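Observations on the three-dimensional arrangement
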Protein chains: 2
Amino acid sequence: MAAEQRRPDLAAMIVPLGRALMAAELPILRAHGLTMWAYAVLLRLDEDPVRSQAALAESIGADKTRIIDVLNDLEARGLLLRRPDPADRRVRLLSLTPEGRRTRDATQTAIQSRENHLLTRHLPAPQRAAFLTALHTLATLPPSELGSQEE
Amino acid sequence: MAAEQRRPDLAAMIVPLGRALMAAELPILRAHGLTMWAYAVLLRLDEDPVRSQAALAESIGADKTRIIDVLNDLEARGLLLRRPDPADRRVRLLSLTPEGRRTRDATQTAIQSRENHLLTRHLPAPQRAAFLTALHTLATLPPSELGSQEE
DNA sequence: TATTGTTATACTCTATAACTATA
DNA sequence: TATAGTTATAGAGTATAACAATA
């Protein structure tokens, strides 16, 4: 496992790139009336319904106290439904309305269209495919694989 | 430019991955007595000497007011030299001491060794190479390429 | 007057602790 | 008593404004 060729640290490339991508998304999100967290909520809820707010928060890497205003707003605007669970009335069952799903789709389409432009403009097709595959692999690793490691 | 295959948003993969990588670096940095910003300073100064603190801050994406304590600490520990520019005594000329360079090297070696383990463990060699190349390409794009874009 | 470095202040984001309602 | 959701509070991290030294 000798030295590979000289390169910047992974985090030193990835973190600023992430910041730049996020900054580039913001105007699109704003145009659709969404904050970053609101968009994260819509994305997550579209995958499958979530049983509780705490579970939703955890699954998008947020604090449960932080998404409450987000949920209030989305609910008030008719993008999200929040009903008490009849089985356990402490729990709120969350789901997207058709309008919420439309907003999600329109927003994601705009964002990914822009991303695809970026990728096709700067990466040759095979490299692009490898990049996306590798990125997906790394992004879905359990935190333990990245975090703790006995050297 | 039709739809590519379904995938998560780039930022949705990259940002959390960056956070995880950074979290994984923290214990290593701590072991070498560095904060993240201190490490960023050492990396930047090792490339080439910087003429002013403001320029340094800007070039690592920090605010000039935020790196002052970092510079104070590095200087007090003998990792960094800060001298008034004889030509313009408002300016502080910054450079690493040999000890600063040693700390930088030891820290980066530890960090990249860990990263290389991670990459070799999860990505086949050709994909790994493509990933690093693509990442480097995207990370070195001017902000305008990522930020503003006429659709 | 303009600029470098510095200090003091304010703001934003995030996490912790305290409360309520159900169980 | 324990938990889901909520509210109120406190803590990081960051940026803005004001200052002193030099040009």
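Structure's up top.
Residues numbered from 1 in each chain as written. Chains lettered and ligands numbered in written order. Predicted model: local features only at pLDDT ≥ 70, side-chain atom pairs only at ≥ 80, totals over all residues. Heavy atoms only, no water.

Core analysis: the largest hydrophobic core is formed by 34 residues, its most contacted members being F131 of chain A together with F131 of chain B. Mapped by element, the contributors of at least two residues to this core are α1 (10-31), α5 (98-122) and α6 (125-139) of chain A together with α1 (10-31), α5 (98-122) and α6 (125-139) of chain B. (Core = buried A, V, L, I, M, F, W, Y, C linked by side-chain atoms within 4.5 Å. Buried < 20%, exposed > 50% of the residue type's maximum accessible area, 1.4 Å probe, protein only. Helix = DSSP H or I, 4+ residues; strand = E, 2+ residues; numbered from the N terminus.)

What follows is about the packing of helix α2 (residues 36-47) of chain A against α5 of chain A. All names here are of chain A. Two elements in contact, α2 and α5, have axes whose closest approach is 10 Å; the angle formed by their N-to-C orientations is 110 degrees. Put simply, α2 runs roughly perpendicular to α5. Crossing geometry of α2 relative to α5 is assigned as left-handed. Together, Y39, L42, L43 and D46 of α2 and G100, R101, T103, R104, T107, Q108 and I111 of α5 make up the contact between the two elements. Here the contact of α2 with α5 is composed, by residue class, of four nonpolar, four polar and three charged. (Axes fitted to C-alpha atoms, helices over the stretch in contact; angles between N-to-C directions. Parallel < 35°, antiparallel > 145°, perpendicular 65-115°, else oblique. Left-handed = near helix turned anticlockwise from the far one by under 90°. Contact = heavy atoms within 4.5 Å. Nonpolar A, V, L, I, M, F, W, Y, C, P; charged D, E, K, R; others polar.)

Now for the relation of the copies chain B and chain A. Structural alignment of chain B on chain A gives an RMSD of 0.0 Å, achieved by rotating through 180 degrees and translating 0.0 Å along the axis. In symmetry terms, the pair is related by a two-fold rotation axis. Measuring from the rotation axis to each C-alpha of chain B, the shortest distance belongs to F131 of chain B, at 2.3 Å. When the interface residues of chain B are mapped onto chain A, 100% of them are again interface residues, pointing to one common binding face. (Least-squares fit on C-alpha atoms with pLDDT ≥ 70 in both.)

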